[in-house]
Amino acid sequence: MLLSIVIPTHNRFVYLQRCLEALCAGDGRGLDSEIIVVDDCSKKDVAEKNKALCAGLQVGYHYCTKNRGAAAARNRGIELCSGEWIAFLDDDVCAEPGWRAHCETLLRGLAPVIVGVEGTVVATGSGVWDKEVENTIGGLYLSCHILYRRETLEAAGRFDEHFS
């Protein structure tokens, strides 16, 4: 498999729903990619909705029985996925139509020396955190929208789980 998309989530069903619906809208067939949601111990009612949403969209779902933070959830996603490249999206990221197909085209054309690709992040709100995570010109390497070669993540020891 070329691309795995790992999405950590915790108690944010509405965001996850919007994220997954955008990723799955119209471009899921015939792609060499998978999506895996890692639920970082959401409350029972939220987890049940997350699981049902993933089942309905044919997206992989894994529930963690202990809340350990996004880094640990991303690492669990690495263990569960099979892609040569792994994209990490936060549950509140809403990809543009055709994002998955665009990523696959981009990744197939990259030289072997390229180990990662950062994605643009455009804030849609007016809160402090909306501008904090905006990345329109590059160079920030935000974990909310980034792709890495699996071998690079493994060589680096994955994400530091002490950084919650």
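Everything discussed here concerns the structure shown above.
Residues numbered from 1 in each chain as written. Predicted model: local features only at pLDDT ≥ 70, side-chain atom pairs only at ≥ 80, totals over all residues. Heavy atoms only, no water.

(A) Spatial organisation of the overall build of the protein chain. Looking only at helices and strands, the protein chain features six helices and six strands. Start at the N end of the protein chain and walk to the C end: the helices and strands fall as β-α-β-α-β-α-β-α-β-α-β-α. A buried classification covers 41% of the 164 residues belonging to the protein chain. For the protein chain, long-range pairs separated by at least 24 residues make up 77% of all intrachain contacts whose partners lie at least 6 apart in sequence. For the protein chain, the exposed area adds up to about 9,100 Å²; of that, 54% sits on carbon and sulfur atoms. (Helix = DSSP H or I, 4+ residues; strand = E, 2+ residues; numbered from the N terminus. Buried < 20%, exposed > 50% of the residue type's maximum accessible area, 1.4 Å probe, protein only. Contact = heavy atoms within 4.5 Å. Areas by Shrake-Rupley, 256 points an atom, 1.4 Å probe, with all protein chains shown as cover.)

(B) Broad picture of the nonpolar core. With 26 residues, the main nonpolar core has L3, I5, I7, L20, L23, W99 and L147 as its most contacted residues. For this core, the secondary structure elements donating two or more residues are β1 (3-9), α1 (13-24), β2 (33-39), α2 (44-57), β4 (85-89) and α4 (99-108). The biggest single contributor to this core is α1, with five residues. In this view, L23 contacts I5, I7, I35, L89, A95, W99 and R100; residues no more than four positions away in its chain are not counted. (Core = buried A, V, L, I, M, F, W, Y, C linked by side-chain atoms within 4.5 Å.)

(C) Main features of α4. Where α4 is concerned, the buried positions are W99, R100, C103, E104 and L107. When α4 is viewed along its axis, its buried side chains cluster within an angular range of 135° and face the same direction. Away from its buried face by more than 90 degrees, α4 exposes H102, T105 and R108. Its buried side turned inward, α4 meets β1, α1, β2, β4 and β6 (145-149). (Arc of directions from axis to C-beta.)

(D) Representation of the packing of α1 against α2. Contact geometry for α1 and α2: axes closest at 10 Å, N-to-C directions at 10°. Taken together, the axes of α1 and α2 lie roughly parallel to each other. Side by side, α1 and α2 meet where F13, L16, Q17, L20, E21 and C24 of the first sit next to V46, K49, N50, L53, C54 and L57 of the second. Among the residues making up the contact of α1 with α2, the classes are represented as eight nonpolar, two polar and two charged. (Axes fitted to C-alpha atoms, helices over the stretch in contact; angles between N-to-C directions. Parallel < 35°, antiparallel > 145°, perpendicular 65-115°, else oblique. Nonpolar A, V, L, I, M, F, W, Y, C, P; charged D, E, K, R; others polar.)

(E) Structural context of the environment of C81. The residue C81 is located in the loop between α3 (70-80) and β4 in this model. For the pair C81 and R150, spaced 69 residues apart in sequence, the C-alpha separation works out to 9.8 Å. Excluding residues within four positions of it along the chain, C81 makes contact with S4, V6, E34, I36, I86 and R150.

(F) The arrangement of α1 in detail. The end-to-end C-alpha separation of α1 is 16 Å, in line with the 16 Å expected for 12 residues at 1.5 Å each. Within α1, burial applies to F13, L16, C19, L20, A22 and L23. Those residues of α1 hidden inside the fold are in contact with β1, β2, α2, β4 and α4. (Expected span 1.5 Å × (residues − 1).)

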